[in-house]
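Next come the chains, spelled out residue by residue.
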Amino acid sequence: IRRATQEAPEDRYASADDFARAVRRRHFPVYFRIAFYSGLTVLLSVLGISWSNSMSVKPLPPSTVVVEIPAGPEALLKKKSESETAHFKRLLPLAETGNVTAQLLVAEAYFYGRGPKKDQQKAFQWYQQAAKAQNHDAEASLGLCYLRGYGCEPSDWQAVQCFLLAVEGGNVVAMTNLAYCYMNDRGVEKDVKEGFRLAQRAAERGHAPGQVMLAECFLLGLGVERNQKEAEVWLKAAARQGDKRAIRLLETLDAANSPAPTEETAQSPSDVP
């Protein structure tokens, strides 16, 4: 209201559409928005402000101005009977009005081609929008975009900055990716001990790729003394979650540790379920 009633025209909103979008971004509860619009109408009448067609402004109908934002993230999830395209069409208006969860889901839809055509540049842009609102999942995904060049110019430094923000919010994906950066001198000075520490944090929180990275640290002696038994513990934890790399590494270790099969043992059933 303060901006809309500025004396100088250049200090006010350029159009009623801009004003409406600003109001929608506030995410007021429905009951408060009803009171807000009623009070706004009275205020504009008192101040003598008229947005007429002579100003090239078309009033928006109330159904367009007042957008219902679902109360919880679960309301944004795809319904069983809903197609990916229909789900995306339902999410997009909410994302455009500033719903951060919807922005993240729209980014994922573009990234994987779930609903719209796969478009990494648009995915990157929506990750940026959600990251500006300090969404830690978006920060982690944005970091990966910078690291791999998904929809943007690769930048290891930018990737690390995004990962650091997400790690502060407890994001386990960012912990694992930042550990990778420390291990491989990507955007930050190489520090295998810090990489090990981050991988350990992610692993202890149940992140399968973090568990695999921690296991590799134990196998290779990166930031910690070599310990194959400890490595196998973490690989098995990741394998239980279906991590393919963990399964392959376990098979490799089993093959390396197993004696050459005799005719008798080769024909015997395995004792391992």
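Below, the discussion takes up the pattern of salt bridges. A side chain with one charge can pair with a side chain of the opposite charge if their charged atoms come near. Summed over the entire model, instances satisfying the criterion amount to 4 salt bridges. Among the ionic pairs, R90 bridges to E82, the shortest N-O distance being 2.9 Å. In this structure R90 comes out as partly exposed when scored by relative accessible area, which is 26%. By relative accessible area, E82 is classed as buried at 13%. Linking D156 and R186 is a salt bridge whose minimum nitrogen-to-oxygen distance equals 2.8 Å. Here D156, found in helix α8 (residues 156-168), pairs with R186, found in the loop between α9 (172-184) and α10 (192-204); they are 30 residues apart in sequence, far enough to count as distant.

Next up on the list: the packing of helix α12 (residues 228-240) against helix α13 (residues 244-257). Viewed as axis vectors pointing N to C, α12 and α13 meet at an angle of 140 degrees, and their least axial separation amounts to 8 Å. Considered as vectors, α12 and α13 are oriented oblique to each other. The way α12 lies across α13 gives a crossing that is left-handed. Along the contact surface, α12 presents Q228, E232, L235, K236, A238 and A239, while α13 presents A246, I247, L249, L250, L253 and N257. The class makeup of the residues in the contact of α12 with α13 is 8 nonpolar, 2 polar and 2 charged.

Calculation rules
- Residues numbered from 1 in each chain as written.
- Predicted model: local features only at pLDDT ≥ 70, side-chain atom pairs only at ≥ 80, totals over all residues.
- Heavy atoms only, no water.
- Salt bridge = Lys/Arg side-chain N within 4 Å of Asp/Glu carboxyl O.
- Buried < 20%, exposed > 50% of the residue type's maximum accessible area, 1.4 Å probe, protein only.
- Helix = DSSP H or I, 4+ residues; strand = E, 2+ residues; numbered from the N terminus.
- Axes fitted to C-alpha atoms, helices over the stretch in contact; angles between N-to-C directions.
- Parallel < 35°, antiparallel > 145°, perpendicular 65-115°, else oblique.
- Left-handed = near helix turned anticlockwise from the far one by under 90°.
- Contact = heavy atoms within 4.5 Å.
- Nonpolar A, V, L, I, M, F, W, Y, C, P; charged D, E, K, R; others polar.

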